[in-house]
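Structural features, examined
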Amino acid sequence: SQQGEEDPQALSIQEGENATMNCSYKTSINNLQWYRQNSGRGLVHLILIRSNEREKHSGRLRVTLDTSKKSSSLLITASRAADTASYFCATAGYISNFGNEKLTFGTGTRLTIIP
Amino acid sequence: EAGVAQSPRYKIIEKRQSVAFWCNPISGHATLYWYQQILGQGPKLLIQFQNNGVVDDSQLPKDRFSAERLKGVDSTLKIQPAKLEDSAVYLCASRTEGSYLWVGTDTQYFGPGTRLTVL
């Protein structure tokens, strides 16, 4: 089953603008991760935020996490044509006492950057 | 560092036929995952291995799907017999060894996937 729901499902913006995607989830988590998937390719890990963190930055990426609202947002600043891809949030939780981590992915946001 | 390798990249079969996918994880990664990604959806975990043992296969349709990782390195996923609804991209991912102290710091590295079309 899908844990996260991304919003919006699709987003088109002009190059240079900022893009914001949101993710909501249902159960408690250890961390939340964002992945990018270009058409026809595997997923690439972008950023991980732990449940005790509220905000994290990596280059042009900014992620926030609100565990009280069970939601996260991914902001991509100064978008580029190469940012065109699908973006997925994935929540991580324990599946055993040995620390094995299980990722549950959301449905994704399709981002299109218009040159 | 070489990434996660998968083969074949594409496969087209008739329903009720059998198919197998192969995955070679990043060297030294103890944890290996197989995901199914249906068009327009996020990946869904099918099975997780820790070395050559199964950690989680709760979402694997065991009547038709099987997977093994005999020597704790590469892995195969098999579908027998295939159904139309099995059409999807099958993704393999690997991660360094999980441990309580390191949970939340390791990320999964994904292969390019195998696109399966069942006709």
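In this report, the structure presented in the accompanying data block is examined.

Calculation rules
- Residues numbered from 1 in each chain as written.
- Chains lettered and ligands numbered in written order.
- Predicted model: local features only at pLDDT ≥ 70, side-chain atom pairs only at ≥ 80, totals over all residues.
- Heavy atoms only, no water.
- Helix = DSSP H or I, 4+ residues; strand = E, 2+ residues; numbered from the N terminus.
- Disulfide = S-S within 2.5 Å.
- Buried < 20%, exposed > 50% of the residue type's maximum accessible area, 1.4 Å probe, protein only.
- Contact = heavy atoms within 4.5 Å.
- Polar contact = N/O pair within 3.5 Å; in protein donor to acceptor, adjacent residues only side chain to side chain.
- Pairing = 2+ DSSP bridges.
- Axes fitted to C-alpha atoms, helices over the stretch in contact; angles between N-to-C directions.
- Core = buried A, V, L, I, M, F, W, Y, C linked by side-chain atoms within 4.5 Å.

Section: unusual backbone geometry
- A:Asp7 connects to A:Pro8 through a cis peptide bond whose omega is 0 degrees.
- The topology assignment puts A:Pro8 in the loop between β1 (5–7) and β2 (10–14).
- Backbone torsion omega between B:Ser7 and B:Pro8 reads -10 degrees, so that peptide bond is classified as cis.
- Tracing the backbone through its elements, the reader meets B:Pro8 in the loop between β1 (5–7) and β2 (10–13).
- Even without a glycine there, the phi angle at B:Arg16 is positive, about 80 degrees.

What to know about the state of the cysteines
- Enumeration according to the criterion identifies 2 disulfides over all chains in this entry.
- Disulfide pairing is shown between A:Cys23 and A:Cys89; the S-S distance is 2.0 Å. Sign of the S-S torsion, about 65 degrees for the bond between A:Cys23 and A:Cys89, identifies this disulfide as right-handed. Taken together, the positions of A:Cys23 in strand β3 (residues 19–24) and A:Cys89 in strand β9 (residues 85–94) put the pair 66 residues apart, joining distant regions of the chain. We note that A:Cys23, like A:Cys89, is buried.
- Bridging B:Cys23 to B:Cys92, the disulfide has an S-S length of 1.9 Å. Residues B:Cys23 and B:Cys92 share a disulfide whose torsion about the S-S bond is about -70 degrees; that sign makes it left-handed. Linking B:Cys23 in strand β3 (residues 19–24) with B:Cys92 in strand β9 (residues 88–95), this pair joins segments that are 69 residues apart in sequence.

A word on the environment of A:Arg62
Residues and elements named next belong to chain A.
- Its place among the elements puts Arg 62 in strand β7 (residues 61–66).
- Placed 50 residues apart in sequence, Arg 62 and Thr 112 show a C-alpha to C-alpha distance of 18 Å.
- In contact with Arg 62, other than residues within four places in its own chain, are Glu 55, Lys 56, His 57, Ser 73, Leu 74 and Leu 75.
- Within the structure, the side chain of Arg 62 is placed 3.1 Å from the side chain of Glu 55, a separation counted as a polar contact.

A word on the sheet that holds β1(B)
All names here are of chain B.
- Spatially, the 4 strands line up as an open sheet ordered β1-β3-β8-β7, and their pairing is antiparallel. Both edges of this open sheet fall to β1 and β7 (65–68), since each of them pairs with a single strand only. Ignoring which end each strand starts from, the neighbouring axes of this sheet average 15 degrees apart.
- Pairing between β7 and strand β8 (residues 75–79): 4 bridges, direction antiparallel. Bridge assignment links Ala 67 to a residue of β8, and that residue is Leu 77.

Some details on the nonpolar core
- Of all hydrophobic cores here, the largest spans 22 residues; its most connected members are A:Leu32, A:Trp34, A:Leu74, A:Ile76, A:Tyr87 and A:Leu111.
- Of all elements in the fold, only β2, β3, β4 (31–37), β5 (43–50), β7, β8 (71–76), β9 and β11 (109–114) of chain A reach the threshold of two or more residues within this core.
- If near-sequence neighbours (up to four positions away) are discounted, A:Leu111 is found in contact with A:Leu11, A:Ile13, A:Ala19, A:Met21, A:Ile76, A:Asp83, A:Thr84, A:Ala85 and A:Tyr87.
- Counting 21 residues, the second largest nonpolar core, distinct from the first, contains B:Val19, B:Ile26, B:Leu46 and B:Leu77.

This is a description of form; function is not addressed.
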